[in-house]
Amino acid sequence: MAYKQHFIEWFSGKQLPSYWTTTNNNGTNTFAMSDEADGGFSILNGGTNFSDAQINFGAKRQYAHNASIFIAVAKRVALGDSGSYDVGLSADNYIASSPSSKDFGCITVDTGNYDLKSSDGTANSATAGSIASDTSFHVHKLVFGSSNLVSSIDGVADITKTTNRPSTNLQPHCETFDNATELRIRYMECYNT
């Protein structure tokens, strides 16, 4: 059952609000508000292979897998290593580990383009995008529809994906993994359609 919540978060102030759950899935990771103007919230993983850190709603899944929208203003602080980040909606708290067994849809980036990755709880897959990643803030948008997932960057539709779509209700999800990857997120919006 989908609920009509409309969630908006401006990542500012001194600390993350208490309804967020921070998760150190592997390694020693850091969660903190950035102390630069409009820097947002920083998720910095521990800097070794398989380090993984994320924020989510602690398994409170209010958003429909087939009728919701996720929007985030986020950036990767540095390029050039093998680490990456995901922003989107997920049923689970740790999708980097065994992603085929999780339900999620997210925009992901490492050193190449922004891609669209998803899983239906049985199999996961990624569809390569055509928009190159960089270290600037961008508006990431995911539309979870009844027959596909559509991602866009800064209002430009990039990927339509029909395979391995999630099959259960979802929660907001931002995750970094591997090699000192830092994700900054300064705005998020989620709602059911």
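Everything quoted here is computed from the prediction, not taken from an experiment.

Student: Please provide a residue-by-residue account of the sheet that holds strand β7 (residues 84–90), values included.
Tutor: Spatially, β2-β5-β14-β7-β8-β9-β10 is the arrangement adopted by the seven strands of the open sheet, whose pairing is antiparallel. For this open sheet the edge positions go to β2 (21–26) and β10 (124–127), each flanked by a neighbour on one side alone. Between one strand axis and the next, the sheet turns by 20° as a mean value, whatever way the strands run. Where strand β9 (residues 115–120) meets β10, four bridges bridge the pair, whose relative direction is antiparallel. Bridging across to β10, K117 finds its partner in A126.

Student: Now, about the pairing of strand β15 (residues 182–192): what can you tell me, with residues and values included?
Tutor: For β15, the tally of buried residues reaches nine of 11 residues, placing the bulk of the element in the interior. Bridging between strand β4 (residues 41–44) and β15 involves four bridges; their strand directions are antiparallel. Looking across to β15, one finds that I43 is bridged to L183. Relative to β15, strand β6 (residues 68–76) runs antiparallel, the two being bridged by nine bridges.

Student: Run through the packing of aromatic side chains, naming residues and quoting values.
Tutor: Here the structure, examined in full by the defined rule, presents nine aromatic pairs. Measuring from ring centre to ring centre gives 6.3 Å for Y19 and F57, while their planes differ by 85°; the resulting arrangement is edge-to-face. Placement of Y19 in the loop between β1 (6–10) and β2 and of F57 in the loop between β5 (52–56) and β6 is noted, with a sequence separation of 38 residues between them. One aromatic cluster is present, built from ring pairs that chain together F7, F11, Y19, W20, F41 and F57. The ring of F137 carries the charged tip of R186 above its face, separated from the ring centre by 4.0 Å.

Student: An account of the pattern of salt bridges is requested, with residue identities and associated values reported.
Tutor: Evaluated as defined, the whole model comprises three salt bridges. Two residues, R184 and E36, come together in a salt bridge whose shortest N-O distance is 3.5 Å. One end of the pair, R184, is in strand β15; the other, E36, is in the loop between β3 (30–33) and β4, with 148 residues separating them in the sequence. The buried category is assigned to R184, whose relative accessible area is 10%. Across the pair E182 and R184 runs a salt bridge, and its minimum N-O distance is 2.9 Å. For the pair shown, E182 and R184 are each scored as buried.

What counts and what doesn't
Every chain begins its residue count from 1, and numbering advances along the sequence as written. Local features are withheld for residues below a pLDDT of 70 in this predicted model, meaning they are given only at 70 or higher, and side-chain atom pairs are given and counted only at 80 or more; totals for whole chains, interfaces and linings count all residues. Water and hydrogen atoms play no part in the side-chain values, which are based on all heavy atoms of the structure. A strand pair is defined by DSSP finding two or more bridges across the two strands. Working definition: helices are DSSP H or I runs of at least four residues, strands are E runs of at least two. Numbering for both runs from the N terminus. Lines fitted to C-alpha atoms define the axes here, with helix axes fitted over just the stretch in contact, and angles between the N-to-C directions of these axes take values from 0 to 180 degrees. Between buried and exposed lies partly exposed: a residue is buried under 20% and exposed over 50% of the maximum accessible area for its type, with that area taken using a 1.4 Å probe on protein chains only. Two aromatic rings, drawn from Phe, Tyr or Trp (for Trp, its six-membered ring), form a pair once their centres lie within 6.5 Å of each other, and the interplanar angle then sorts them: stacked below 30 degrees, edge-to-face above 60, tilted otherwise. The criterion for a charge sitting over a ring is simple: Lys NZ or Arg CZ within 6 Å of the ring centre, and within 35 degrees of the ring normal. We count a salt bridge whenever a side-chain nitrogen from Lys or Arg sits within 4 Å of a carboxyl oxygen from Asp or Glu.

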